[in-house]
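# Descriptive analysis of the structure
Here is how the chains run, residue by residue.
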Amino acid sequence: MAVRRAIFSKSPTVPLKPTLSIWKEYIPERDDFNQTRIQTLNLTHPILQVLESSKPTLKLFNQIHTQLIILGMFQNSLVSSRVIKKLCSSPCLVSHAYTVFSVLDEPDAFLCNTIIRSYVNFNNPDIGLRFYHEEMFAKCISPNHYTFPLLVKICAEMGLIQEGEKTHSRILKFGFELDLFVRNSLIHMYSSFRKITDARKLFDASFDSDIVTWNSMIHGYVKNGEVSAARTLFDEMPEKDIVSWNSMIAGYTGVEDMKSAEEIFDRMPFRDVVSWNSMIDGYAKLGVVSAALNLFDRMSNRNVVTWNIILALHVRIKSYEECLRFFDGMVAEGTDVEPNEATLVSVLTAITNLGSLERGILVHSYIKENGRIKPDILLSTTILTMYSKCGAMELAREVFDKMEERNVVSWNSMIMGYGTHGDGEKALEMFLEMEKNGPMPNDATFVCVLSACTHSGMVLEGWRYFEVMQKAYKIEPKVEHYGCMIDLLGRAGLMKDSEKLIKMMPMEAGPALWGALLSSCHKHSNSELGELVGKKLIALEPYDVGAYVLLSNIYAIAGKWVDVEKVRKMMEEKGLHKHSGFSLINLASQVFL
């Protein structure tokens, strides 16, 4: 602490010998007693000019800081405010601003607000709140009307209801409750807390309201699903801006009332890209592709959000080729609209489902070469899933190993990838590594593990992990887990065990499970059990042609031709026909049936 106080000296001793100046053009004047005379400070002072014009780095700042201490200028309010402001312009130096602030003789609300705002802007609101409590509240630095909106915003973003109410109490104590800026912030905060009644009380508390007040209240109603109340307020507004209209469109699209949304959209005196995007997104969420595309085609100015909505829509309706076609159009449109992380998640998902490894590698190369795109956990997981499903497990593992942060989906993708491609041992090794170093496995993890055991014929391991899931992780088996086990046992020819497991299930076995068992009966020529299962499956899904075909084949293998004919007549009576199978083959970036 002593060292720190020496470095950030509050009352530096003025040297008796001439001091060296870092900047030669500025040499301090001295009086007859050889004491430094500080010029009247303003923003044209050489040191402040260097501070203002320089790129904020810790090394340069330390040089400036040293000179300010030597010259006895550091505690000057103008100097300290410029120093703090400069440090707060860089996310890497905000913590240093915190340190510098703690040794100032007379800190004020302006400096506090500057530091708190920087933490909010750089996505560290929790540290901003801590700063307020430790450096401002604890040291009795009086806040001003700019302080409380910052604190209210932090509470709203972090969902800190109790802290938000305490902040409201302090606002009342300091007499800022009628300040318009503060009041608007409180309306937004209470709306975020879903305390819309409290927000309305604040709205009605004063006649001094501006358009932001009205918009905050309308947005609050929309956010809480009270669109009719929002519409009433919207109709009462003395004046409206683009935010008012867009809030109502967002409200109606949120409750899937596209007729009302379209009515508002058509009435708008002018529209921006947000207006169009809200409408397109509303139709996209309902799966009304033609209406979404019609609006898309009518737009004169599209942004990356517009394209992302369209790309995600085509992925959602499994129109993967169209998704890639639109992506090509987006790239061809020019540099004004560049793909971002969300764009590439949709594109890679489409590529994954088409099994186009070559194109996936090209997109991944684009990501690595583009310094603007910073793969987050979602994008990285999408990349490794693409490699995994395309069978490039070495590339998937390379992406996985480079990820700074991994979630349970990342681990599950790797386990499923190894399992699907027949490497059950590596899949189980990955699961063991996940138990040691990864997140807690969930029910989807065990679907991946059991599926890996199924593809590799690891019956004993499958049984073991089926029990581990229940006893060690307290996860109750779902239909998917039973399905994996029935498939595992059926492939191994353990038909009776499969049947017994189905009958032990706490839930009703669906067609998928009976179908898996019937398929195993056909594979292992078990006509006796196959007949029972086939009839059960036909009773569950009388119009599923697959059950009839499998049962007919089981009868044929057993030489029961009379029964084969009966099944075929049943199919004819119901108008069922066996459909031709097809496969997708990817050659030279072209998909063929």
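Definitions and limits used
Residues numbered from 1 in each chain as written. Predicted model: local features only at pLDDT ≥ 70, side-chain atom pairs only at ≥ 80, totals over all residues. Heavy atoms only, no water. Helix = DSSP H or I, 4+ residues; strand = E, 2+ residues; numbered from the N terminus. Contact = heavy atoms within 4.5 Å. Areas by Shrake-Rupley, 256 points an atom, 1.4 Å probe, with all protein chains shown as cover. Buried < 20%, exposed > 50% of the residue type's maximum accessible area, 1.4 Å probe, protein only. Expected span 1.5 Å × (residues − 1). UniProt positions renumbered as here; feature names shortened; annotations may be inferred. Salt bridge = Lys/Arg side-chain N within 4 Å of Asp/Glu carboxyl O. Axes fitted to C-alpha atoms, helices over the stretch in contact; angles between N-to-C directions. Parallel < 35°, antiparallel > 145°, perpendicular 65-115°, else oblique. Nonpolar A, V, L, I, M, F, W, Y, C, P; charged D, E, K, R; others polar. Phe/Tyr/Trp six-rings, centres within 6.5 Å; stacked < 30°, edge-to-face > 60°. Polar contact = N/O pair within 3.5 Å; in protein donor to acceptor, adjacent residues only side chain to side chain. pLDDT = per-residue confidence, 0-100.

To continue, consider the overall build of the protein. Of the regular secondary structure elements, the protein holds 33 helices and 4 strands. Summarising the internal contacts of the protein: among those between residues at least 6 apart in sequence, 58% fall at separations of at least 24. As displayed, the protein offers around 30,900 Å² of accessible surface, 54% of which is attributable to carbon and sulfur atoms.

Among the structural elements, Ala-229 can be located in helix H13 (residues 227-236). Taking the relative accessible area as the measure of exposure, Ala-229 reaches 21% and is therefore partly exposed.

On to helix H10 (residues 180-192), then. In an α-helix, one turn spans 3.6 residues; hence positions three or four apart end up facing the same way. Between its terminal C-alpha atoms H10 stretches 18 Å, which fits the 18 Å expected from 13 residues at 1.5 Å a residue. The buried fraction of H10 amounts to 10 of the 13 residues, a majority that puts the element mostly inside the structure. Within H10, the full set of buried residues consists of Val-182, Arg-183, Asn-184, Ser-185, Leu-186, Ile-187, Met-189, Tyr-190, Ser-191 and Ser-192. Residues of H10 that are buried in the fold lie against helix H8 (147-158), helix H9 (161-174), helix H11 (196-204) and helix H12 (211-223). Residue Arg-194 follows H10 closely and has a positive phi angle near 65°.

Under the feature "repeat: PPR" (unreviewed entry), the UniProt entry names residues 108-143, 210-244, 272-306 and 407-441. For residues 210-244, the helix share is 74%, the strand share is 0%, and the end-to-end C-alpha distance is 12 Å.

Here the focus is helix H21 (residues 357-369). Given a rise of 1.5 Å per residue, 13 residues ought to cover 18 Å, and the 18 Å separating the end C-alpha atoms of H21 matches this to within 8%. Of the surrounding secondary structure, the elements contacted by the buried residues of H21 are helix H20 (341-354), helix H22 (377-389) and helix H23 (393-402).

Within the structure shown, the criterion is met by 17 salt bridges. We note a salt bridge from Asp-204 to Arg-200, for which the minimum N-O separation is 3.2 Å. Linking Asp-204 with Arg-200, this pair stays in helix H11, spanning 4 residues, or about one helical turn. Each of the salt bridges in this network shares a partner with another, and the network as a whole consists of Arg-231, Asp-235, Glu-263 and Arg-267.

Once that is clear, we can look at unusual backbone geometry. Of note in the backbone geometry, Glu-256 takes a positive phi value of approximately 60° without being a glycine. Checked against the element boundaries, Glu-256 lands in the loop between helix H14 (242-254) and helix H15 (258-267). Positive phi, close to 65°, is recorded for Lys-318, a residue that is not glycine. Its place among the elements puts Lys-318 in the loop between helix H18 (304-316) and helix H19 (320-332). Here Lys-318 falls in the exposed class, since its relative accessible area comes to 62%.

Of note, Glu-163 is situated in helix H9. Look past the residues within four positions of Glu-163 in its chain and what remains in contact with it is Leu-129, His-133, Cys-155 and Arg-170.

Take the packing of helix H29 (residues 495-504) against helix H30 (residues 511-523) next. Contact geometry of H29 with H30 gives a least axis separation of 10 Å together with a crossing angle of 170°. Looking at the two axes, H29 sits roughly antiparallel to H30. Facing H29, whose interface residues are Met-495, Ser-498, Glu-499 and Ile-502, H30 presents Leu-513, Trp-514, Leu-517, Ser-520 and Cys-521. A per-class count over the contact of H29 with H30 returns 6 nonpolar, 2 polar and 1 charged.

This paragraph deals with the packing of aromatic side chains. We describe a pair of aromatic rings using the distance from one ring centre to the other and the angle between the two ring planes. All chains considered together, the criterion is met by 19 aromatic pairs. Measuring from centroid to centroid gives 4.9 Å for Phe-400 and Trp-411, while their planes differ by 85°, and the two rings are edge-to-face. Placement of the pair is Phe-400 in helix H23 and Trp-411 in helix H24 (residues 408-420), with a sequence separation of 11 residues. The pair formed by Phe-400 and Trp-411 is uniform in burial state, with each residue classed as buried. Taken together, Tyr-98, Phe-101, Tyr-119 and Phe-131 form an aromatic cluster joined through their ring pairs.

Examined against the element boundaries, Asn-224 turns out to sit in the loop between H12 and H13. In this structure the C-alpha to C-alpha distance between Asn-224 and Arg-194, which are 30 residues apart in sequence, comes to 6.2 Å. There is a polar contact of 3.2 Å between the side chain of Asn-224 and the backbone oxygen of Ser-191. Looking at Asn-224, its side chain comes within polar contact range of the main-chain oxygen of Gly-220, at 2.7 Å.

Our focus in this paragraph is the confidence of the model for the protein. In this model, the protein carries a mean pLDDT of 85, and residues with pLDDT of at least 70 account for 88%. Ignoring residues within four places in sequence, the model shows residues 1-39, a span with pLDDT below 50, making 58 contacts including any to other chains.

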